[in-house]
Amino acid sequence: MKWTIYLQLIGLYFLVNPASSAMADNKTRFAVIADMPYSVSQYNMLTAPDGEIAAAIRAMNPPVLIHLGDFKKSSTSCTDTLLQENYAQISALNPFRTVYTPGDNEWTDCDRTGLLTRFDELERLAFLRQLFFHQPENQLSRDVPGLIRQENFIENALWRINDVVFATLHIPGTNNGREEILLSAVNKALNEADNRDRANMLWLQKLFQMAETAQAVVIAFHADIYYIKRNKSVCSPDNRTECDGYRLIREQIEKEALQYKKPVLIIHGDTVAYCLHQPQKDIPNLWRLNAPGDYKHIDANQVIFDPELTDQPFQVTGLLDNKAPPSTCNYSFLGF
């Protein structure tokens, strides 16, 4: 009888402590979502407790859900009410164990012509930071063990689950916030982008320092840093707009991964090319997941890091379709 009670207690412990359960089989599990809801039907899918995706996340019970930004479509106005409603929805998906990193739709694109109500993008960024990162007790990620945030860039987070170290970086679309500055003071907006780049570089260095004793690294942000239309130079004090706003961070991630040698996974949203692949042939330990969403493939992902699988240590499946992402990144809306 004592052994029966003991085993039941162990099972209950793992049920309420998913990170400990992951440690038991030497695997690390987490969930990822991005670029939705863009429609009423998607909003309903994400509404707890009965929405299809919301229910799947609840059934998985991940130690952390990473939200990669763009929680609204770009053609809707960034009103206080809309942002607050989406914050409440995100908060209910995986209560107190969600880490969010901003996308462009909820701040840099809020000044677009054609919107019913337009906003200064820097004002929206300040509102977004207050809403998502300054709530009492930091509600979204309160129960993510050991999570720390970057001084003066509170949206950048760093934490560890088992032998995997995670970080979020604030990298939005719209060329990292360097294009289509329509209502803000241009120099002020570009200064914000420069400061964000410096903060991201420092946070990336801290990530790999903390990961020296870990087995893998996961880096999450919004923008598709590999979607490059033209071969432009790195942004600099002399060229802050006609440049590749992602080149600096992309090259630094690749440099750090090459030196780290252990598995590194980049996770982002922003574009329709749902895929999991190795973006650089000369960096075999670097993987990239372009998460589902953005109208094309509506789902969330379960990601499992398994240190025993040296050839493909990151296993990714859809929570709804239970299928792996394509290994080819197709940017067409017509199919995979």
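Residues numbered from 1 in each chain as written. Predicted model: local features only at pLDDT ≥ 70, side-chain atom pairs only at ≥ 80, totals over all residues. Heavy atoms only, no water.

**A look at the packing of helix α5 (residues 80–93) against helix α6 (residues 121–133)**
- For the pair α5 and α6, the least separation of the axes is 11 Å and the interaxial angle reads 30°. In terms of crossing hand, the pair formed by α5 and α6 is right-handed. Residue-level contacts link D80, L83, Q84, Y87 and I90 of α5 to R124, F127, L128, L131 and F132 of α6.
- Residue composition of the contact of α5 with α6, by class: seven nonpolar, one polar and two charged. (Axes fitted to C-alpha atoms, helices over the stretch in contact; angles between N-to-C directions. Helix = DSSP H or I, 4+ residues; strand = E, 2+ residues; numbered from the N terminus. Left-handed = near helix turned anticlockwise from the far one by under 90°. Contact = heavy atoms within 4.5 Å. Nonpolar A, V, L, I, M, F, W, Y, C, P; charged D, E, K, R; others polar.)

**Examining the pattern of salt bridges**
- On inspection of all chains with the given rule, the structure shows 18 salt bridges.
- We note a salt bridge from D109 to R112, for which the minimum N-O separation is 2.7 Å.
- Overall, the relative accessible area of 7% leaves D109 in the buried class.
- R112 gets classed as buried once you look at its relative accessible area, which sits at 11%. (Salt bridge = Lys/Arg side-chain N within 4 Å of Asp/Glu carboxyl O. Buried < 20%, exposed > 50% of the residue type's maximum accessible area, 1.4 Å probe, protein only.)

**So, the sheet that holds strand β4 (residues 148–150)**
- Reading across the sheet, the seven strands line up as β4-β5-β6-β7-β8-β10-β9 and stay open at both edges, with mixed pairing between neighbours. At either end of the open sheet lies a strand with only one pairing partner, and these are β4 and β9 (275–277). Ignoring strand direction, the axes of neighbouring strands in this sheet form an average angle of 15°. (Pairing = 2+ DSSP bridges.)

**So, the pairing of strand β6 (residues 164–168)**
- In terms of burial, β6 is largely enclosed, as five of its five residues are buried.
- Residues V164, F166 and T168 point to one face of β6 and V165 and A167 to the other, with burial holding for every one of them.
- Bridge count between strand β5 (residues 153–161) and β6: four bridges; the pairing is antiparallel. For W159, the partnering residue across the bridge sits in β6 and is F166.
- Sheet topology places β6 next to strand β7 (residues 216–220); five bridges connect them, and they run parallel. Bridging from a neighbouring strand, V164 pairs with A216 of β7.

**Quick notes on the nonpolar core**
- Core analysis: the biggest nonpolar cluster contains 28 residues, and F30, W159 and L265 have the highest contact counts within it.
- Elements that contribute at least two residues to this core include exactly β1 (28–33), β5, β6, β7, β8 (264–268), β10 (286–290), β11 (301–305) and β12 (314–318).
- Beyond its immediate chain neighbours, meaning those up to four positions away, F30 contacts M60, P62, V64, I66, F166, V218, L265, I267, N301, Q302 and V303.
- By size, the runner-up hydrophobic cluster in this structure holds 27 residues, among which are L169, A214, F221 and I253. (Core = buried A, V, L, I, M, F, W, Y, C linked by side-chain atoms within 4.5 Å.)

**Some details on the sheet that holds β12**
- Read from one edge of the open sheet, five strands run β3-β2-β1-β11-β12, paired in mixed fashion. Of all the strands in the sheet, just β3 (98–100) and β12 have a single pairing partner and so form its edges. Ignoring which end each strand starts from, the neighbouring axes of this sheet average 25° apart.
- In this sheet, strand β2 (residues 65–67) lies alongside β1 in parallel orientation, the contact comprising three bridges. Counted as the bridge partner of A31 is L65 from β2.

**A closer look at the confidence of the model for the chain**
- Of all residues in the chain, 91% have pLDDT values of 70 or greater, and the mean over the chain is 91.
- The low-confidence segment residues 1–23 (pLDDT under 50) makes 17 contacts with residues lying over four places distant or belonging to another chain. (pLDDT = per-residue confidence, 0-100.)

**What to know about the pairing of β11**
- Counted residue by residue, β11 has five buried out of five residues, so it is predominantly covered.
- Residue alternation in β11 divides its side chains into two sets, N301, V303 and F305 and Q302 and I304, and both sets are buried.
- Here β1 runs beside β11; their pairing, made up of five bridges, is antiparallel. What sits directly across from T28, in β11, is F305.

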